[in-house]
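Coordinate inspection notes
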Amino acid sequence: MLKRAFLLSAVMLASVAGAQVKNPGILTDVEIGDWRTFDPADCYEQGCGEILQNVLETLYFPEGENASKFVPQLAAAMPEVTNGGKTYTIKLRKGVKFTNGQPLTADDVVYSIQRSLVLSVDGGPAQLLIEPLLGSTDLIRKGGKIGFDDIAKAIQAKGDDTVVFNLAAPFSAFISILASPYANIYNKDEAVKAGDWSGTAKDWEKFNNPEAGTTMYAKKPPVGTGAFVLERYDVGQNVILKRNDAYWRAPAKLTRVIVQNVSDENTRIKMLEAGDADLAFVNRPSIPRVKGSAGVKIIEDTTLSLTAFFMNQKINGQGTNYLGSGKLDGNGIPSNFFSDVNVRKGFAAAMDYDALIKDVLLGAATHPSSVIVKGLLGYSTNLPKYKYDKNLATKYLKAAWKGQVWKNGFTLPVFFNSGNTKRKGALEILKKNLESLNPKFKVEVRELPFSQVIAQGQNSQMTVWAGAWGADYADPHNFAFPFLQSSGNYPTQIGYKNTKLDGLISEAVTSTDSKKRVALYRQIQQIAYNDTPFIPLYQELFPFVQRDWVKGRLINPVFADDYYYTISK
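Residues numbered from 1 in each chain as written. Predicted model: local features only at pLDDT ≥ 70, side-chain atom pairs only at ≥ 80, totals over all residues. Heavy atoms only, no water.

Attention shifts here to the nonpolar core. Among the nonpolar cores identified, the biggest contains 122 residues, and Leu59, Leu133, Phe165, Phe483, Leu484 and Tyr564 are the most heavily contacted of them. Top contributing element to this core by residue count: helix H3 (residues 106-119), with 8 residues. The residues touching Tyr564, leaving out its near neighbours within four places in the chain, are Leu27, Asp29, Glu31, Glu50, Asn54, Phe228, Leu241, Leu254, Val257, Val259 and Leu279. Listed in part, the 43 residues of the second largest apolar core include Ala355, Ala400, Ala426 and Ile429. (Core = buried A, V, L, I, M, F, W, Y, C linked by side-chain atoms within 4.5 Å. Buried < 20%, exposed > 50% of the residue type's maximum accessible area, 1.4 Å probe, protein only. Helix = DSSP H or I, 4+ residues; strand = E, 2+ residues; numbered from the N terminus. Contact = heavy atoms within 4.5 Å.)

This is how it looks when you write it as structure tokens:
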């Protein structure tokens, strides 16, 4: 408690004393999400990814603002690739030490990557590595077809300074995955001493498949080599990072970074305008308010991201009461309400995409036809896309559940994460249009903390929610897999499976023929359009809002938000 009071007082005094640049050396970043976990084997969202990206490091890292080019970080050089593209031999950089003073070794790298596979947390990042290393799209489970021997063969230490990855098949995006914030490296010795997995076969099953958010590093990241260390975490409110003065490169220019979860947009904007925040998440509808404010700078950049409505076909109603009566009686919905494609298509036709982009996003977005967004191989403007069509929506919803939906109506709660007025606006358009079709249709737009949206999504408890996916790496597979493959991130949450799509997605990622891949991804998108497992809403021209005294900020679509090492004030 004393430490907390002292720190906040220090920040306040610096604020008062500052002349032009407030709090030089201290960066305050105000955002709208809380943090579900800091465990690299569990974290698979931007908020926690951003913290891990700054306290841990990867073998490779994106080069500046280029999403497709990588440079060695903890690796000494680019890998030696042999065996027809299946063996990656990587030498480690010399002289790198963890923040506990121990040197980085090959055992640490092997442990970090293997631990992600061993844990295989539902909704976590393990699938990113399992697919290229083990040739499976399923998470690893004790008693399953993949055991610890397979994991041990896939990643091996060769002496203290060399790691060998043995892939199941050539995988062109493998370096991109190793450079993502979900393949971080941390200290094995500290983890084992703290009681985590031993790194051997003897106890791997004990640590396999833990409940998300309950692992060793849920509240504090492991010991890493990054430019910052976690100084303090106020659960759900603030993360404070302190500079690692013993960093293996030149120390960061910032001495401290304060990341605050501020759900109220008016507060975030006032902090920005007063200079008490240096970086701020500002929803598009509020951009005109901050544009032209003294000392405020806006950088517009198209992101490799897709915002969508997700419709759960197998809702787990336990503990939420989201299903109401659980029947098609007008007072709720059955758990499999969205398993009828007519419901999904009816919702897709009831959404006014043009109004969303014009009125909520102020024109700064495009409406994609399906899962492959602009900037990725396979993107096309010639594929069919959903359109607002009141008559078509009526037709589908009259056909749904043999007429019972239209006859009896429904009551449906739908969700967005707190502070995200864009997603709230999208859901309000859907609500207005659905309720205009039939007075028996009742839609309740509700907000939840970001961590709850993630957790309830992973437990298949959500009904319909507005969410977004940002690229881990710049390849269409990183969108096709999580959105459409039956073991991918969203299909496991919404109960969607199409075996033909599964085969096409696997064929597309292993093909080395670009023309063939383009054709496959267009076929995949056409099937997705017909199935309507989700409703693509927009790819945004994103406004990065900051004080003009912030220098060196890199905007890279495969970063997990911001990378603070290059930033100064």
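Unusually for a residue other than glycine, Leu362 sits at a positive phi of about 55°. Relative to the helices and strands, Leu362 is located in the loop between helix H12 (353-360) and strand S14 (365-366). For Ser460, which is not glycine, the phi dihedral falls at a positive 60°. In this fold, Ser460 is placed in the loop between helix H16 (450-458) and strand S17 (464-470).

What follows covers the UniProt feature "domain: Solute-binding protein family" (unreviewed entry) in the chain. Residues annotated in UniProt with the feature "domain: Solute-binding protein family" (unreviewed entry) correspond here to residues 69-489. Helix makes up 30% of residues 69-489 and strand 19%, and the two end C-alpha atoms of the span are 25 Å apart. (UniProt positions renumbered as here; feature names shortened; annotations may be inferred.)

Moving on: the packing of helix H19 (residues 499-510) against helix H20 (residues 514-531). The geometry of H19 relative to H20 is characterised by a closest axis approach of 9 Å and an angle of 160° between their N-to-C directions. If you check the angle between H19 and H20, you find them roughly antiparallel. The chirality of how H19 crosses H20 is left-handed. Two secondary-structure elements touch here, H19 through Lys500, Leu501, Leu504, Ile505, Glu507, Ala508 and Val509 and H20 through Lys516, Arg517, Leu520, Tyr521, Gln523, Ile524 and Ile527. Looking at the contact of H19 with H20 residue by residue, the classes come out as 9 nonpolar, 1 polar and 4 charged. (Axes fitted to C-alpha atoms, helices over the stretch in contact; angles between N-to-C directions. Parallel < 35°, antiparallel > 145°, perpendicular 65-115°, else oblique. Left-handed = near helix turned anticlockwise from the far one by under 90°. Nonpolar A, V, L, I, M, F, W, Y, C, P; charged D, E, K, R; others polar.)

A separate point is the environment of Val453. Residue position: Val453 is located in helix H16. Using a relative accessible area of 8% as the deciding quantity, one classes Val453 as buried. With 14 residues separating them along the chain, Val453 and Pro439 place their C-alpha atoms 28 Å apart. Contacts of Val453, omitting those with residues within four sequence positions, involve Phe416, Asn417, Leu448, Met462 and Trp465.

Right, let's get into helix H13 (residues 390-399). Buried within H13 we find Ala393, Thr394, Tyr396 and Leu397. Where H13 is buried, its residues meet helix H11 (341-350), helix H14 (404-408), helix H15 (421-437) and strand S16 (441-448). Here H13 starts with a cap whose side-chain oxygen sits 3.1 Å from the backbone nitrogen of Asn391, and that cap is Asp389. Two residues or fewer after H13 comes Trp401, characterised by a positive phi angle close to 50°. (Polar contact = N/O pair within 3.5 Å; in protein donor to acceptor, adjacent residues only side chain to side chain.)

Next up on the list: the pairing of S17. Of all the 7 residues making up S17, 5 are buried; the element is thus mostly covered by neighbouring parts of the structure. In this structure, strand S13 (residues 305-311) lies alongside S17, joined through 7 bridges in antiparallel fashion. The residue of S17 that forms the bridge with Ala308 is Gly467. In this structure, strand S15 (residues 410-417) lies alongside S17, joined through 2 bridges in parallel fashion. When the sheet's bridge partners are listed, Val414 is paired in S17 with Val464. (Pairing = 2+ DSSP bridges.)

Because each turn of an α-helix spans 3.6 residues, side chains separated by three or four positions end up pointing in the same direction. Across the 10 residues of H11, 9 count as buried, placing the element largely inside the fold. Among all positions in H11, only Asn342, Val343, Arg344, Lys345, Gly346, Phe347, Ala348, Ala349 and Ala350 are buried. N-capping of H11 is provided by Asp340, with a side-chain oxygen placed 2.8 Å from the backbone N of Asn342.

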